[in-house]
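Given next are the chains, with one letter for each unit.
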Amino acid sequence: QEKKIFTVQGPYPIIRSLLRARGWVERRAQLSQGTSEPLHSPSPPEEEKEEEQWDEDPEAIHNLMSRLVRNQVPYFIWTNHCNAVSCRLLQQDQVVNHYARAGAFTTKEGLCQNLRNLPWFDQAAPDTFFPRCYRLKAVDERQAFIEDFRLTAARSLLKVAVERTGDGPVETEQPLKSGMGPGEVAQKVCGSHVPHPMTSTAGLGPLLCPQLVEEALQVCRQHLGTLGYQDIDRDPPDPQAMGTDWDRFLQDYYRVVHQGAQLALSGPQREQCQALLQHLAEWLPQLSMEGHHNVWILKPGAKSRGRGIVCMAQLEEVLRLAGVCVAPSAQVGEWVVQKYVERPLLIFGTKFDIRQWFLVTDWNPLTIWFYQESYLRFCSRPFSLCCLSPARHLCNVSIQKQYRLVQSRHPRLPPDQTWSCRQLQAYLAQVGQAGAWQQVMVPGMKAAVVSTLRSTQDLVEHRKNSFELYGADFIFGEDCQPWLLEINASPTMTPSSAVTRRLCASVQQDILRVVIDRRDNPACPTGAFELIYKE
């Protein structure tokens, strides 16, 4: 009568325990397309053995209760993926922990495509929190990426020119070619040790003429004119019509940035580069974080946990891996390419990202709860653009556990490669940025989450009595500005460290406070969940 029957599918012992403590009875069942089928229907034990069994096995009473409700409807359903149940076949009063069609923002392709619609729903611009991204299978987006790569190369040359210290040639660091292995990098590029990621090394190649810088200046001037084009009655200038021999230009660019060629320029050219970059910064919010190595991260659309993700710094390699051929009829794989954040905030010289949970309890009106606890995931090797190895650039736990920690690793980094956000705040205070967490990082993450959900609100299936927890992955720039990388449905609740063991338990407890306890008592505490948006 109280409708306190629940079903849990997957390894969620904490949810099961918390519901039992609230007086709920579990119906052990297998969910299939909205219908509930018992896993088994064993014959009930003899009555005289039940009391003895309860004393010996604490689960015995729960097993008995489960059998008693095996033909009843579960009113709270928790599954580990959305496809385990069809929301259309549920009764109106059944609560389930998923929304249908959330792939609009929880898949790489969906997020890439739908954030472009944000200006229709919000005044925010996706380029202020989401690194620019392209789906290579779409012909128009593939061409847009190629143009973006070329323009980024031109801007990068201007940055290299500005970063010189005197009137002599510019000397640049040499990042790894994607096809090289870590061992080759150590010998061929960086020597016997890995330098600081922002330290320049002596140029090894010949001196390139000032004409290359002049060409980059011309390209960037024309691009600036395109960005500032205000006449909506006429087409803006076509970047393809700039008259640049891009094949030759990129080869010269690679020689400067990848092969250590020295870049020659005059004093006036350096001043022009600096002034032009300042104007571009007014239009390009990602100018500072994109660095000057033109590194992009290539992600297969149908994989998770970091599988198949690679970093690349040459246009030809990106297109080759994605299966882009010269033939017009060539089949292109489901790949997404995204600008890599080359100037991330580092802790003891090591890259990290942050897993930030949020909860949606309604899509109409859109209602978003932000979890005030989160955790950091560190790479196992120091950050360096000399080497594009996953050990230095991909923070996924499933990726990093494949690498052994090196002895040169900073002693203050955690051996389990995980920090809580409280530890991050303590570190920021030590380095003189005590206010960054509350003033920049958290507000930026909240705004990114709200903007993303608003842009996809009409695409997700609205259903009352549903809710869902999501895990957003962010990285921070050197200025502590958060950049959204992706949003995960069904974020893992399996702990991989002492920090995640505590936080995964607490977030599950607080979810039930919001979606169950708060129904009977709207004034009840919601733990670390903060209501940040409700239409």
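Residues numbered from 1 in each chain as written. Predicted model: local features only at pLDDT ≥ 70, side-chain atom pairs only at ≥ 80, totals over all residues. Heavy atoms only, no water.

Caption draft 1: Up close: the overall build of the protein chain. When helices and strands are counted, the protein chain shows 16 helices and 18 strands. Here the protein chain holds 535 residues, and the buried ones make up 52% of them. Sequence-distant contacts in the protein chain: of pairs separated by 6 or more residues, those separated by 24 or more amount to 72%. Just so you have it, the protein chain exposes about 24800 Å², and 50% of that area is on carbon and sulfur atoms. (Helix = DSSP H or I, 4+ residues; strand = E, 2+ residues; numbered from the N terminus. Buried < 20%, exposed > 50% of the residue type's maximum accessible area, 1.4 Å probe, protein only. Contact = heavy atoms within 4.5 Å. Areas by Shrake-Rupley, 256 points an atom, 1.4 Å probe, with all protein chains shown as cover.)

Caption draft 2: The packing of helix H6 (residues 139–162) against helix H10 (residues 267–281), seen in detail. Contact geometry for H6 and H10: axes closest at 9 Å, N-to-C directions at 125°. One element, H6, and the other, H10, form an angle in the oblique class. Relative to H10, H6 is oriented so that their crossing is left-handed. Of H10, the residues touching H6 (which contributes Arg-155, Leu-158, Lys-159, Ala-161 and Val-162) are Arg-270, Cys-273, Gln-274, Leu-276, Leu-277 and Leu-280. In the contact of H6 with H10, the residues fall into 7 nonpolar, 1 polar and 3 charged. (Axes fitted to C-alpha atoms, helices over the stretch in contact; angles between N-to-C directions. Parallel < 35°, antiparallel > 145°, perpendicular 65-115°, else oblique. Left-handed = near helix turned anticlockwise from the far one by under 90°. Nonpolar A, V, L, I, M, F, W, Y, C, P; charged D, E, K, R; others polar.)

Caption draft 3: View of helix H16 (residues 498–520). The first and last C-alpha atoms of H16 sit 33 Å apart over 23 residues, in line with the 33 Å expected at 1.5 Å per residue. At Arg-513, H16 shows its maximal kink, close to 35°. Considered for burial, the residues of H16 that qualify are Val-499, Thr-500, Leu-503, Cys-504, Val-507, Gln-508, Asp-510, Ile-511, Leu-512, Val-514, Val-515 and Ile-516. (Expected span 1.5 Å × (residues − 1). Bend = angle between axes of the 7 residues up to and from the residue.)

Caption draft 4: Expanded view of the confidence of the model for the protein chain. The predicted model of the protein chain has a mean per-residue pLDDT of 84, with 80% of residues at 70 or higher. For the stretch residues 170–204, pLDDT sits under 50, and the model shows 85 contacts to residues farther than four places along the chain or on other chains. Predicted confidence for residues 326–330 stays below pLDDT 50, and this span has 1 contact to residues more than four positions away or in other chains. (pLDDT = per-residue confidence, 0-100.)

Caption draft 5: A look at the pairing of strand S1 (residues 5–8). Residues Ile-5 and Thr-7 line one face of S1 and the alternating positions Phe-6 and Val-8 line the opposite face, and both faces are buried. With 2 bridges connecting them, S1 and strand S2 (residues 25–26) associate as parallel partners. Across the sheet, residue Phe-6 finds its bridge partner in S2, namely Glu-26. Running through helix H1 (residues 13–21), the crossover from S1 to the neighbouring parallel element S2 is right-handed. (Pairing = 2+ DSSP bridges. Right-handed = clockwise from strand over helix to strand, strands pointing away.)

Caption draft 6: The environment of Ser-374, seen in detail. Turning to its location among the elements, Ser-374 is positioned in strand S14 (residues 366–378). Classification of Ser-374 as buried rests on a relative accessible area of 0%. With residues near it in sequence (within four places) discarded, Ser-374 still touches Ile-354, Arg-355, Gln-356, Trp-419, Ser-420, Cys-421, Trp-437 and Leu-503.

Caption draft 7: Spatial organisation of the pattern of salt bridges. Applying the stated criterion across every chain, the model contains 28 salt bridges. With its nearest N and O atoms 4.0 Å apart, the salt bridge here joins Arg-248 to Asp-245. In this structure, the salt-bridge partner of Asp-362 is Lys-464, at a minimum N-O distance of 2.6 Å. Separated by 102 residues along the polypeptide, Asp-362 in strand S13 (residues 352–363) and Lys-464 in the loop between helix H15 (436–456) and strand S16 (468–476) bring together distant segments of the chain. A cluster of three or more residues bridged by salt bridges with shared partners is formed by Arg-132, Asp-148, Arg-155, Lys-159 and Glu-290. (Salt bridge = Lys/Arg side-chain N within 4 Å of Asp/Glu carboxyl O.)

Caption draft 8: Region of the structure containing the sheet that holds strand S12 (residues 335–339). Ordered by their spatial adjacency, 4 strands build an open sheet running S7-S12-S10-S11, and the pairing between neighbours is antiparallel. Each edge of the sheet is formed by a strand with only one pairing partner; in this case those strands are strand S7 (133–135) and strand S11 (310–312). Each strand of the sheet is rotated relative to its neighbour by a mean of 25°, with strand direction disregarded. Across the face of the sheet, H6 comes into contact with S7, strand S10 (296–300) and S12 while running at roughly 145° to S7.

Caption draft 9: Summary view of empty space enclosed by the protein. Inspection of every chain in the model, using the stated rule, returns 4 cavities of 30 Å³ or more. When its volume is computed, the largest cavity comes out at roughly 250 Å³. Lining the largest cavity are 19 residues, with Ile-297, Lys-299, Lys-351, Leu-394 and Leu-485 sitting closest to its centre. Broken down by secondary-structure element, the contributors of at least two residues to the lining of the largest cavity are S10, S12, S16 and strand S17 (482–489). For the lining of the largest cavity, the residue count by class is 9 nonpolar, 3 polar and 7 charged. Residues lining the lining of the largest cavity come from more than one domain, with at least three contributed by each of domain 2 (108–131 + 344–534) and domain 3 (132–164 + 207–228 + 245–340). Its boundaries defined by the atoms lining it, the second largest cavity holds a volume of some 90 Å³. If you go around the second largest cavity, the residues you meet are Tyr-12, Trp-78, Thr-79, Asn-97, His-98, Phe-467, Leu-469, Ser-490, Pro-491 and Met-493. Counting the residues that make up the lining of the second largest cavity, at least three belong to each of domain 1 (1–28 + 61–80) and domain 2 (108–131 + 344–534). (1 Å grid on protein atoms, 1.4 Å probe; cavity = no way out; pocket = protein on both sides within 12 Å on 5 of 7 lines; lining within 4 Å. Points joined across faces, edges and corners; volume = space filled by probe spheres on them. Domains from an automatic or database assignment.)

Caption draft 10: Main features of the state of the cysteines. Inspection of every chain in the model, using the stated rule, returns 0 disulfides. In this structure Cys-395 is not part of a disulfide, and its nearest cysteine sulfur, from Cys-379, lies 3.7 Å away. (Disulfide = S-S within 2.5 Å.)

Caption draft 11: Region of the structure containing the packing of aromatic side chains. As enumerated under the stated definition, the model contains 22 aromatic pairs in all. When the centroid spacing of 6.0 Å and the interplanar angle of 70° are considered together, the rings of Trp-24 and Phe-76 count as edge-to-face. Of this pair, Trp-24 sits in the loop between H1 and S2 while Phe-76 is found in strand S5 (residues 76–78), placing the two residues 52 residues apart along the sequence. You can call Trp-24 buried: its relative accessible area is 13%. Given a relative accessible area of 1%, Phe-76 falls into the buried group. (Phe/Tyr/Trp six-rings, centres within 6.5 Å; stacked < 30°, edge-to-face > 60°.)

Caption draft 12: Inspection of the sheet that holds S5 at higher detail. Strand order across the open sheet formed by 4 strands is S2-S1-S5-S6, with parallel pairing between neighbours. Only two strands of the sheet have a single neighbouring strand rather than two, namely S2 and strand S6 (95–96). Along the sheet, H1 makes contact with S1, S2 and S5, crossing S1 at roughly 170°.

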